[in-house]
Amino acid sequence: NHGSFGATPEPVFTEYQRWQRELERQPVAFLGRNADRLLDEARAKMAAFVGCDADALAFNPNPTTGVNVVARSLHLQPGDEILGTDLEYGACDRTWEWFTAKQGAHYVRAHIPLPVTNPEAVVEAIFAEVTPRTRAIFVSHVTSGTALRLPVEEITRRAHTLGLLSIIDGAHAAGQIAVNLRELGADFYAGTFHK
């Protein structure tokens with residue numbers, strides 16, 4: 001389990017320690033003079049890896065925080081709905097439960113029957129739960145509990161045809177499967193590179 005715990009590969013750990021030593025040598029220079037440039041360089045490399053513009057990326061401590069940022073930016077009305085699935089990561093699931101309840105809205109979970117035999121069944125199960133009150137669809141690119149790759153391209157495309165926001169939890173995707181955010185076209189994508 002490299003999502004929460006796990007041994008760091010030696011080359012990664014060596015590079016991590018190099019950056020720690022660099023920070024400790026000159027903390028004021030590192031944080032006060034160089035951090036913005038270094039973060040911009042990191043964003044540019046990340047953007048190239050996931051197929052988007054660097055200006056489209058923002059650093060967050062983790063994908064759950066990224067999902068929280070998106071949730072808190074939405075202006076939901078009482079009765080509005082956010083649609084997810086019953087395969088979502090617990091912390092993100094609870095984020096939507098808490099946030100929608102606070103707004104008088106609802107978090108709806110589409111049941112995804114397992115085992116999944118074709119991607120179309122997943123798309124149909126999700127969109128069968130769309131109502132006139134649905135405002136956004138939230139799904140994982142690769143689910144945490146099952147490692148199932150959801151058909152986010154089709155989910156995003158269909159969401160947009162209905163005028164719905166698409167919010168993707170990509171915590172388990174980059175590094176395991178090819179991710180091209182420009183082609184995907186999701187409104188929001190929260191991910192990480194360490195899993």
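Basis of the calculations
Residues numbered from 1 in each chain as written. Predicted model: local features only at pLDDT ≥ 70, side-chain atom pairs only at ≥ 80, totals over all residues. Heavy atoms only, no water. Helix = DSSP H or I, 4+ residues; strand = E, 2+ residues; numbered from the N terminus. Buried < 20%, exposed > 50% of the residue type's maximum accessible area, 1.4 Å probe, protein only. Areas by Shrake-Rupley, 256 points an atom, 1.4 Å probe, with all protein chains shown as cover. Pairing = 2+ DSSP bridges. Axes fitted to C-alpha atoms, helices over the stretch in contact; angles between N-to-C directions. Contact = heavy atoms within 4.5 Å. Phe/Tyr/Trp six-rings, centres within 6.5 Å; stacked < 30°, edge-to-face > 60°. Lys NZ or Arg CZ within 6 Å of the ring centre and 35° of its normal. Salt bridge = Lys/Arg side-chain N within 4 Å of Asp/Glu carboxyl O.

A. Structural detail: the overall build of the chain. Broken down by element type, the chain carries seven helices and five strands. When the helices and strands of the chain are placed in sequence order, the string is α-α-α-β-α-β-α-β-α-β-α-β. With the principal axes as the frame, the chain shows a C-alpha extent of 55 × 35 × 30 Å. Among the 195 residues that make up the chain, the fraction classed as buried is 38%. Approximately 11300 Å² of the chain is accessible, and the part contributed by carbon and sulfur atoms is 55%.

B. Up close: the sheet that holds strand β2 (residues 106–110). On the basis of which strands lie adjacent, the open sheet formed by five strands has the order β2-β1-β3-β4-β5 and parallel pairing. Only two strands of the sheet have a single partner each, and these edge strands are β2 and β5 (188–191). Here the strands of the sheet are splayed against their neighbours by 20° on average, with no regard to which way each runs. Bridging between strand β3 (residues 134–140) and strand β4 (residues 165–170) involves five bridges; their strand directions are parallel. In the strand pairing of β4, Ser140 is matched with Asp169. Along the sheet face, helix α4 (residues 90–103) touches β1 (81–85), β2, β3 and β4 and points at about 145° away from the line of β2.

C. Structural view of the packing of aromatic side chains. The final tally for this structure, using the stated rule, is four aromatic pairs. Relative to Tyr16, the ring of Phe13 lies with its centre 6.0 Å away and its plane at 35°, an arrangement referred to as tilted. On the criterion of helical spacing, the pair formed by Phe13 and Tyr16 is a turn pair, its members being three residues apart in helix α1 (residues 10–25). Overall, Tyr16 belongs to the partly exposed group, its relative accessible area being 46%. Over the ring of Phe127 we find Arg158; its NZ or CZ atom is 4.5 Å from the centre of that ring.

D. Highlighting the environment of Arg158. Secondary-structure assignment places Arg158 in helix α6 (residues 152–161). In this structure, the C-alpha to C-alpha distance between Arg158 and Lys195, residues 37 residues apart in sequence, is 28 Å. In this structure Arg158 touches Val123, Glu124 and Phe127, once residues within four positions along its chain are discounted.

E. Spotlight on the pattern of salt bridges. If you walk through the whole model with that rule in mind, you get 13 salt bridges. Residue Arg135 pairs with Asp80 through a salt bridge whose shortest N-O separation is 3.3 Å. Here the residue Arg135 occupies a position in strand β3, and Asp80 occupies one in the loop between α3 (63–73) and β1, the gap between them amounting to 55 residues. Note on Arg135: relative accessible area 33%, which makes it partly exposed. A relative accessible area of 3% places Asp80 in the buried class. A salt bridge links Arg109 to Glu97; the nearest nitrogen and oxygen atoms lie 2.2 Å apart. Taken together, the residues Arg109 in strand β2 and Glu97 in helix α4 connect sequence positions 12 residues apart. Given the relative accessible area of 36%, Glu97 is considered partly exposed.

F. Representation of unusual backbone geometry. A cis geometry characterises the amide bond from Leu114 onward to Pro115, with omega recorded as 0°. Checked against the element boundaries, Pro115 lands in the loop between β2 and α5 (119–127). With a phi angle near 60°, Ala147 is a residue other than glycine that sits in the positive phi range. By the element assignment, Ala147 lies in the loop between β3 and α6.

Don't take any of this as a statement about function, it's just geometry.
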